[in-house]
Amino acid sequence: MSALPPLLLCSLLLTSSTNLYTDPDVGSCSAEKSGTEPGCGCGSLKRDSSQTSSYSGQNTESVESGSKSQSHSEMQLIPGGVFTMGTDSPILYLDAESPARRVNLPAYYIDKYEVTNAHFAEFIKQTNHVTDAQRFGDSFVLDGLLSPEENAKVVNAVQAAPWWLPVQGATWDHPEGIDTDIKDRMHHPVVHVSWNDAKAYCTWAGKRLPTEAEFEKACQGGKEGSLYPWGDEELVGGVHQANIWQGEFPKENTLEDGYKTTSPVGSYPANNFQIHDLIGNVWEWVDDWWTTQHSPDGTGPSTGQEKVKKGGSFMCTKQYCYRYRCPARTKTSADTTGLNVGFRCAKSADV
């Protein structure tokens, strides 16, 4: 495996035999937290606009609502009202976590759990949807999780974030490459799904992606301004409350929480709104375009270049990518996919 030349460190090009990726922000990750916190390299991974798809067919342009959408019994009604979005005590300034603003939302439903492999498999079966990872032919996987055979096929690494590898054949049903499967992970969150894929699924299920404001209100669980869904302390009685990285990232994962990568949805306690896994496990797509100029009413811009992700993932620690917090946020292009990115759906209460 060869490292990219130093000249590319700031623009951070990831290349495979067919695809080109860029992450202009990873080079500045070393200045994320008050100019000092190292970054995990996942904040802005995105496909380059010049890359082409290896899929010869046509992806689903639009997906009609499925005949069997998930019932409201798998969703939680979040009451309407005013809550505090954002924070006046930001940790990652470049992510525009501030300012705190009072936002009024109507009531809405949100999934109690992240969308699982079992749910996504049914969607694929009924729609024949082709994911962006399948169309482009590869997706990002954490180094150390590949078989020796698959690892040998990776020809380039990223010098500033060498734990991210573009792996040929990595898809939602082959998470660590073509020689892996999800037979024992049907109740884990689906991964290697882009914003486009997430939107298509939610449409099929008769739902939609949550807005950033809806996700953040759900995350707080009624605890105004809290860092985490359960409060401000990371551990409760010495027990982990979310699937994050323990140990020195990326060298060592001590597995204190019992999980090397994703965990089955609902493995950790729900918050006061009875919603699980709103931080950790996998990043979750929301509907909004990225902006650092926040509107007072919490709505995102009508257009943009990148989409917002919330919640952090199993790769997050306080030392690297401290984004497993309710006000935390990051961005990437709508067609980007990776091993630590999934989603859940929402629905307006009046629908």
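So, here's what we can say about the structure.

Conventions used here
- Residues numbered from 1 in each chain as written.
- Predicted model: local features only at pLDDT ≥ 70, side-chain atom pairs only at ≥ 80, totals over all residues.
- Heavy atoms only, no water.
- Helix = DSSP H or I, 4+ residues; strand = E, 2+ residues; numbered from the N terminus.
- Contact = heavy atoms within 4.5 Å.
- Polar contact = N/O pair within 3.5 Å; in protein donor to acceptor, adjacent residues only side chain to side chain.
- Buried < 20%, exposed > 50% of the residue type's maximum accessible area, 1.4 Å probe, protein only.
- Disulfide = S-S within 2.5 Å.
- Pairing = 2+ DSSP bridges.
- Axes fitted to C-alpha atoms, helices over the stretch in contact; angles between N-to-C directions.

## Here we look at the environment of Trp 245
Position of Trp 245 relative to the elements: it lies in the loop between β13 (239–240) and β14 (283–289). Taking the C-alpha atoms as reference points, Trp 245 and Glu 256, separated by 11 residues in sequence, lie 8.6 Å from one another. Setting aside residues up to four positions removed in sequence, Trp 245 forms contacts with Leu 142, Pro 250, Glu 252, Asn 253, Phe 314, Met 315, Cys 316 and Thr 317. For Trp 245, the side chain forms a polar contact with the main-chain oxygen of Glu 252, separated by 2.8 Å.

## Focus on the environment of Asp 88
In this fold, Asp 88 is placed in the loop between β6 (81–85) and β7 (101–105). By relative accessible area, Asp 88 is classed as exposed at 57%. Ignoring sequence-local partners within four residues, the contact set of Asp 88 consists of Pro 99 and Ala 100. From its side chain, Asp 88 meets the backbone nitrogen of Ala 100 in a polar contact 3.0 Å long.

## Some words on the state of the cysteines
Inspection of the entire model under this criterion finds 2 disulfides. Between Cys 202 and Cys 345 runs a disulfide, and the two sulfur atoms are separated by 2.1 Å. In this structure, the disulfide formed by Cys 202 and Cys 345 twists by about -90° around the S-S bond and is classed as left-handed. Here Cys 202, found in helix α4 (residues 195–204), pairs with Cys 345, found in the loop between β17 (341–342) and β18 (346–348); they are 143 residues apart in sequence, far enough to count as distant. You'll find Cys 202 and Cys 345 in the same group, each marked buried. With cysteine numbering restricted to those in disulfides and following the sequence, the chain has the pairing 1-4, 2-3.

## What to know about the pairing of strand β9 (residues 138–142)
Counting buried residues along β9, 5 of its 5 residues qualify, which places the element largely inside the surrounding structure. Here β9 shows a buried face lined by Asp 138, Phe 140 and Leu 142 and a second buried face lined by Ser 139 and Val 141. When β9 meets strand β11 (residues 164–168), the two strands line up antiparallel, connected through 5 bridges. Paired with Asp 138 across the strands is Gln 168, a residue of β11.

## Some remarks on the sheet that holds β14
The strand order across the open sheet built from 4 strands is β16-β15-β14-β17, with neighbouring strands paired in mixed fashion. Here the strands that pair on one side only, and so sit at the sheet edges, are β16 (330–332) and β17. Across 2 bridges, the pairing between β14 and β17 is parallel. Of the residues in β17, the one forming a bridge with Glu 284 is Gly 342.

## Structural notes on the pairing of strand β15 (residues 307–310)
Neither face of β15 is left uncovered, since the one carrying Lys 307 and Lys 309 and the one carrying Val 308 and Lys 310 both have all their residues buried. Summarising the sheet, β14 and β15 pair through 3 bridges and their orientation is antiparallel. Across the sheet, residue Trp 289 finds its bridge partner in β15, namely Lys 307. Here 3 bridges tie β15 to β16, and the two strands are oriented antiparallel to one another. Following the sheet pairing, Val 308 is matched in β16 by Lys 331.

## Things to note about the sheet that holds strand β8 (residues 108–111)
Reading across the sheet, the 3 strands line up as β5-β8-β18 and stay open at both edges, with antiparallel pairing between neighbours. Each of the sheet's edge strands pairs with one partner strand only, and the pair in question is β5 (75–78) and β18. Averaged over neighbouring strand pairs, the angle between their axes works out to 25° when direction is ignored. Relative to β8, β5 runs antiparallel, the two being bridged by 4 bridges. By the bridge assignment for β8, Gln 76 is matched with Ile 110. Its contacts with the sheet put helix α5 (residues 212–220) on β5, β8 and β18, and the angle it makes with β8 is roughly 75°.

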